[in-house]
Amino acid sequence: MTEITDTAGRTPDCPKDLKEVLDPGRYADGTVLDLAGPLADGEILLDEVIPARAPWSAVVKSGQVLTIVDVGGNQSGDFLLYNAQDTAERYSVPDTIAGGGNVYVRTGTVLRSSLGNSLATVIANETDRQDTIGGACGKESNTLRYGHHTTSEHGCRENFLAEAAKYGMGARDIVSNLNWFMNVPIEADGTLGIVDGISGPGKRVALRAEMDILVLISNCPQLNNPCNDFNPTPLRMIITERA
Amino acid sequence: MATVADQHETDTVGNARADARAQGGKAAAAMAYRPASSTPYPPPGVDADTLTWAETVAGGNYAHKVLARGTRVRLEDVTGEACAHVLAYNALEPWERLNVADTVKISWQAYLGTGHPLLSGDGRVLATIVSDDSGRHDALCGTSSARANQARYGDSAPQGPSPSGRELLTLAAAKHGLAPRDLPPSISFFKGVRVEPDGGLTWTGSAGPGKAVELLAELPLILLIANVPHPVDPRPAYTSGLLRVHAWRSRPTAPGDAWWDAAPEARRAYLNAADYCAARGL
Ligand SMILES: [Zn+2]
């Protein structure tokens, strides 16, 4: 039996059987899965593949770099950050937008907190831009967006609530988020929406923590819009630290 | 030199009591009017006896109220220099609150205007913007932080000359048992921002004095308002004018109303709110 590795010969951890999680036959026809690797040098402290549809969380210490790999391409990773020492301070979409003077997230964007402080900085990004306007999908909001027939579908809000509960957090702590590898253009008259993605298999984004941060991610299970190419696939999370 | 103390005779409890009581009945440019029907500025066409809230909010100050479902709230930018930063919560389950991302995404529209439903994260409409003659609003930049106001104006404290929106909303929230973790991104009225093709922000500022926005409460609401400069207001001086607030009894959006059927997403948001209220016996 051959071990599954990336091109550097590394085998990421995975809460499920990695071979199954990375079996293209489990996904839509033509799915390409590319594990890529870290976008920053240094010792790898954590390396894990999040199966499609699942939540995930970790603490990234100040100065460490988190690389997120879009393994299957155009897979939305709904993302929240908190000050790990005091989660009442958390990611703020408007402080990030007003602070950076731009609604799109790119290399150099500082991800700001509800107190206006720097939580993390995007230090590398392999797609044109990332989204922080589109929020998260959820069981309730799906009924508005697509109809009440979606009532039994799982959403990112549910992933966030389940993962936040591990840290004693609840509905009060789930705020508007980032969406790695999701494409939400805003047109001149203010019309906006989720459209076909501009990422691809193995594309990455990397952030440097500016304080100790708790990150929550929902590997988006949405099947009613193009945020996952209608084909939820795994994400790879790698934390590195420079020697 | 004359001091404020010279105007008061407070050397005994009896004199202090008389002095305190002599202050009642005075008027100020910014104040609450009680009963609401006594407002000097009744909104046109509104029966004063139906008013439930009448208040003028100073620049750099805040206001808050618990409102029944079906209440109509009018915010007026008296001088053209107000900016009303607003948060709304389901008063019965306040962990249900304004979700700005859902409000813009589900309506397919980043700019707030007449007919825009203000959505919670629970798939319900909290309030509808039912009237707007300003058109200069913002759902992207939130309100100001202590850090930003200290950098821009040298001070951010509620007791200082340039309070931040977040610090004022923290106080307003606390008066309803809500903590800083209960302050999600807010929206603001009367100062506009537009998004350029590259994602950059362009300030469009004020539409001038006397402009008004009206909100209709579709659930019982806790409404918090901070009246402070918009976070990307480019003017170096802390510029914040009077905001007038009136609310009166009306009725929530119902089938047959224009907003109910304006969009399929909104219709389902109204349906979900009506379903919630029916189940709770509201
Ligand atoms: Zn999602």
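Everything discussed here concerns the structure shown above.
The structure presented is a predicted model; accordingly, all values stated were derived computationally and were not measured.

Asker: In this structure, what is going on with the interface of chain A and chain B? I would like to understand it.
Answerer: Interface size is often expressed as the accessible area that is lost when the parts come together. Residue-level contacts link 45 residues of chain A with 42 residues of chain B. Approximately 3,500 Å² of surface area, both sides summed, lies buried where chain A meets chain B, with 55% of it carried by carbon and sulfur atoms. It is Leu-144, Arg-172 and Leu-192 of chain A in chain A that bury the most area against chain B; as a group they hold 21% of the surface buried on that side. Taken together, the links from chain A to chain B amount to 3 salt bridges. Ionic pairing is found between Asp-122 of chain B and Arg-157 of chain A, a salt bridge with its closest N-O pair at 3.1 Å. The interface formed by chain A and chain B holds 20 residue pairs in polar contact (both at pLDDT 80 or more) in total. Those elements giving two or more residues to the side of chain A that touches chain B turn out to be helix 2 (93–100) and helix 3 (139–145) of chain A. No other element matches helix 3 of chain A, which puts 5 residues into the side of chain A that touches chain B. When the residues that make up the side of chain A that touches chain B are grouped by side-chain class, the tally is 18 nonpolar, 17 polar and 10 charged.

Asker: What am I meant to see in the layout of surface pockets here?
Answerer: By rolling a water-sized probe across the atoms, one finds the places where empty space is left. Roughly 280 Å³ of volume is contained in the largest pocket. Residue lining of the largest pocket: 18 residues in total, with Ala-98 and Gly-99 of chain A together with Ser-145, Ala-148 and Pro-231 of chain B positioned closest to the centre. Counting only elements with at least two residues in the lining of the largest pocket, the list comes to helix 2 of chain A together with helix 3 (146–153) of chain B. The dominant element in the lining of the largest pocket, judged by the number of residues it contributes, is helix 3 of chain B, at 6 residues. When its residues are assigned to classes, the lining of the largest pocket shows 7 nonpolar, 7 polar and 4 charged. The computed volume of the second largest pocket comes to approximately 160 Å³.

Asker: How should I be thinking about empty space enclosed by the protein in this particular structure?
Answerer: Taken as a whole, this structure holds 4 cavities of 30 Å³ or more when the rule is applied. What the largest cavity holds in volume is close to 260 Å³. Contributing to the lining of the largest cavity are 23 residues, with Arg-157, Ile-174 and Val-175 of chain A together with Asn-99 and Gly-121 of chain B lying nearest its centre. The element that contributes the greatest number of residues to the lining of the largest cavity is helix 2 (residues 100–105) of chain B, accounting for 3 residues. Looking at side-chain class alone, the lining of the largest cavity contains 11 nonpolar, 7 polar and 5 charged residues. Within this model, the second largest cavity holds a volume of roughly 160 Å³. Lining the second largest cavity are 18 residues, and of these Ser-92 and Asp-95 of chain A together with Arg-166, Pro-184 and Pro-185 of chain B lie nearest its centre. Elements represented by at least two residues in the lining of the second largest cavity include exactly helix 2 of chain A together with helix 4 (165–174) of chain B. The residue inventory of the lining of the second largest cavity, partitioned by class, reads 8 nonpolar, 7 polar and 3 charged.

Procedures and definitions
- Every chain begins its residue count from 1, and numbering advances along the sequence as written.
- Ligands are numbered from 1 and chains lettered from A, in the order in which they are written.
- Where local features are concerned, this predicted model is filtered to residues with pLDDT of at least 70; where side-chain atom pairs are given and counted, the filter is 80 or more; whole-chain, interface and lining totals use all residues.
- To get the side-chain values, take all heavy atoms of the structure and skip hydrogens and water.
- The contact rule is simple, with two residues in contact once any of their heavy atoms fall within 4.5 Å.
- Summed over both partners, the accessible area (1.4 Å probe) lost when two parts come together is defined as the buried area.
- We define a salt bridge as a contact between a side-chain nitrogen of Lys or Arg and a carboxyl oxygen of Asp or Glu at a distance within 4 Å.
- In protein, a polar contact means a hydrogen-donor-capable atom and an acceptor-capable atom, both N or O and within 3.5 Å, with residues adjacent in sequence counting only if both atoms are side-chain atoms; elsewhere, any N or O pair within 3.5 Å suffices.
- Under the DSSP-based scheme used, a helix requires at least four consecutive residues in state H or I and a strand at least two consecutive residues in state E, with every element numbered from the N terminus.
- Amino acid classes used here: Ala, Val, Leu, Ile, Met, Phe, Trp, Tyr, Cys and Pro are nonpolar; Asp, Glu, Lys and Arg are charged; the rest, including Gly, are polar.
- Only protein atoms enter the calculation, which uses a 1 Å grid: trapped sets of points that fit a 1.4 Å probe without letting it out are cavities, open sets showing protein on both sides within 12 Å along at least five of seven lines are pockets, and any residue with an atom within 4 Å of a point is a lining residue.
- Grid points are joined across faces, edges and corners, and a volume is the space filled by probe spheres set on the points.

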